[in-house]
Structure formats: C-alpha cells, structure tokens
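Notes for the structure review
Listed below, chain by chain, are the residues.
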Amino acid sequence: MNYYKLQKLSVCARLGASTRIVLRLETTNIRFTPITNITKSAPMRVTAPSHGLLDQWKVAIVDVIGMRQVNAVESNAIRDKEFHLVAVIDDNTVDFPAISSSSFSTYASGGSLAYYIPFDMSAYTSARADVKRSVGGPVVLALSTETGTLEIDAGSSSLYINLDPSDLDGMECRSYVFDIELARPDGIDAICSADSEFCVLPEVTTSL
C-alpha cells in the first residue's frame, strides 16, 4: 500500500494579485526507472523508456556511470535538494530545465531516475484548508473546493490553491500557518502538517 508523504509545506500569496499554487502529492515509496542515455546539453535531457513520470514531478538521478556529476550522493538516502523538477517530453524522455550538463563528463551507462510515486487521489471528492495565525488559533482564511479556492486534479496527483485579490482582504503581510484535508466518502485525510507556512507578501505597486 502507498501511504501519503506527510510534510511541512510552504506557500506564498501576494496582496493585490491573483495566485495559483500547485501542490504535487507524493507517497512514501520511491520508484526507480532505468536510464539509457543522458545528453550533454542545456537543459539536460534523459532517456528512460516508459518512465511513467508526470510533468513537473520531482526526480533525482542515481548510480549513473560516466556522468557522475548528476548522481545523488547516496542512492538509498536521497536528500530533498537532490530532487529536481522535470519536463516530460514524451513517454521515454524528460528534460531537467534547471540543469545544464554541457560541461559534465560523458554518459557511459546505467543509472536510474528516482522519484516518489504519485499519491492516488481518485477517491477524494473535496478538500478544505484553514489559514491561522498560529496552530490551534482562529481561522483567518478558509479555503475549499466548494468555493473554488481549492481544486483537486487526481490525474496529476495535484491540488491547486486558487486565490483572487479579494480573498486576502484584511490579511496582514506576515507568515501564517495552514493545514489541508482531503475528504473521501469514508473519511478525511490530512496532507500536510498543521504548522505548514502560508506567507502573505506585500502588494507590488508601480509608478507611471
């Protein structure tokens, strides 16, 4: 069984602006997909037949021979900073937009893409989130799928936060805490820790 990877999240919204934030939901299980080639290019392109990845998923690389600069330090203890967002090109190919491999050693053989398996969200029918000044405090902003401020996309294992400028009316520029729950017919599941950070940034103004 795949269990959701409960974690502390950090998101930001700006006063006076519309905000759309995507949260990719992962399980605690890692999948390894064999690599057959890595280009020396910017961005770096990796061939991994039938990789099964979703676009904009976080992926690490392990056990490559030759182009060792791409490898996580420990194959079985991959650090969070060693995961990078990928752009899916096709069923067999992904790009790493933030990585240039032009000056790396030449790929020789082996290696795998390593990523947390997407969380199955197909059973969930709604979501809610409460933003508070502190854990256990009064709610200062309530979000939900009913109001459209939250949106479930089971196909990409994603939850979207959608905010209009008016949603933040009356809120101060500061850090708040928030939690999110997903509801299914037979229960409710939390998807982040109660001390997850919701940061409200000041409005950006321009002079003509």
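A brief report on the enclosed structure follows. Note that the coordinates shown come from a computational prediction; the quantities given were computed from them, not determined experimentally. (Residues numbered from 1 in each chain as written. Predicted model: local features only at pLDDT ≥ 70, side-chain atom pairs only at ≥ 80, totals over all residues. Heavy atoms only, no water.)

**So, the sheet that holds strand S5 (residues 44-47)**
Two pairing modes exist for strands in a sheet, parallel and antiparallel, and in both the strands are linked by backbone hydrogen bonds. Read from one edge to the other, the open sheet built from four strands follows the order S4-S5-S9-S8, with strand pairing classed as antiparallel. At either margin of the open sheet sits one strand with a lone partner, and together these are strand S4 (37-38) and strand S8 (87-90). With four bridges joining them, S5 and strand S9 (residues 93-96) adopt antiparallel strand pairing. What sits directly across from Thr47, in S9, is Thr93. (Pairing = 2+ DSSP bridges. Helix = DSSP H or I, 4+ residues; strand = E, 2+ residues; numbered from the N terminus.)

**Side note on the pairing of strand S10 (residues 112-118)**
Most of S10 sits inside the fold, with seven of its seven residues counted as buried. Where strand S3 (residues 26-34) meets S10, six bridges bridge the pair, whose relative direction is antiparallel. Looking at S10, one finds that Phe32 is bridged to Ala114. As paired strands, strand S6 (residues 58-62) and S10 are joined by three bridges and run antiparallel to one another. (Buried < 20%, exposed > 50% of the residue type's maximum accessible area, 1.4 Å probe, protein only.)

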